[in-house]
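# Topology and contacts: notes
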Amino acid sequence: MVDEAGTLAKRWAAKEACSKALGTGLASLALGYPFLTSYFQYTQIPVIGKMPTASALLFDLGVFSLVVGATVLMLIAIAHQSLRIRSRASRAEQDGGRG
């Protein structure tokens, strides 16, 4: 079973991802631009050279984190259900079918 610390870590990760996505939109408001206005510039990366970067990348990373986190949580929930069913079946066998 998932311990309490694991559950809290997942909740914290979901809040972190949501704040990344929301923070990108609010940053443009703080600078006097409409919500989710994107900023674009070229960034010099040592080995690669100049690369185009946009503030929308932070929003995309936040949304990506939320989707991956939700998928992992659903897979964990399905795994727990299968473990509970298997555990219930083995207990029923041990009791000789007396439920």
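Here the structure, examined in full by the defined rule, presents one aromatic pair. Here Phe 40 and Tyr 42 contribute two aromatic rings whose centre-to-centre distance is 5.4 Å and whose plane-to-plane angle is 80°, an arrangement assigned as edge-to-face.

Turning our attention to the environment of Ser 28. With respect to the element layout, Ser 28 can be found in helix α1 (residues 4–30). Looking at Ser 28, the relative accessible area reads 5%, which means it is buried. Here the alpha-carbon distance between Ser 28 and Tyr 39, two residues eleven residues apart in the chain, equals 8.7 Å. Excluding residues within four positions of it along the chain, Ser 28 makes contact with Tyr 33, Pro 34, Phe 35, Leu 36 and Thr 37.

On to the environment of Val 68, then. Residue position: Val 68 is located in helix α2 (residues 56–94). Take Val 68: its relative accessible area is 36%, and that puts it in the partly exposed class. For the pair Val 68 and Ala 14, spaced 54 residues apart in sequence, the C-alpha to C-alpha distance is 9.7 Å.

What counts, and where the lines are drawn
Residues numbered from 1 in each chain as written. Predicted model: local features only at pLDDT ≥ 70, side-chain atom pairs only at ≥ 80, totals over all residues. Heavy atoms only, no water. Phe/Tyr/Trp six-rings, centres within 6.5 Å; stacked < 30°, edge-to-face > 60°. Helix = DSSP H or I, 4+ residues; strand = E, 2+ residues; numbered from the N terminus. Buried < 20%, exposed > 50% of the residue type's maximum accessible area, 1.4 Å probe, protein only. Contact = heavy atoms within 4.5 Å.

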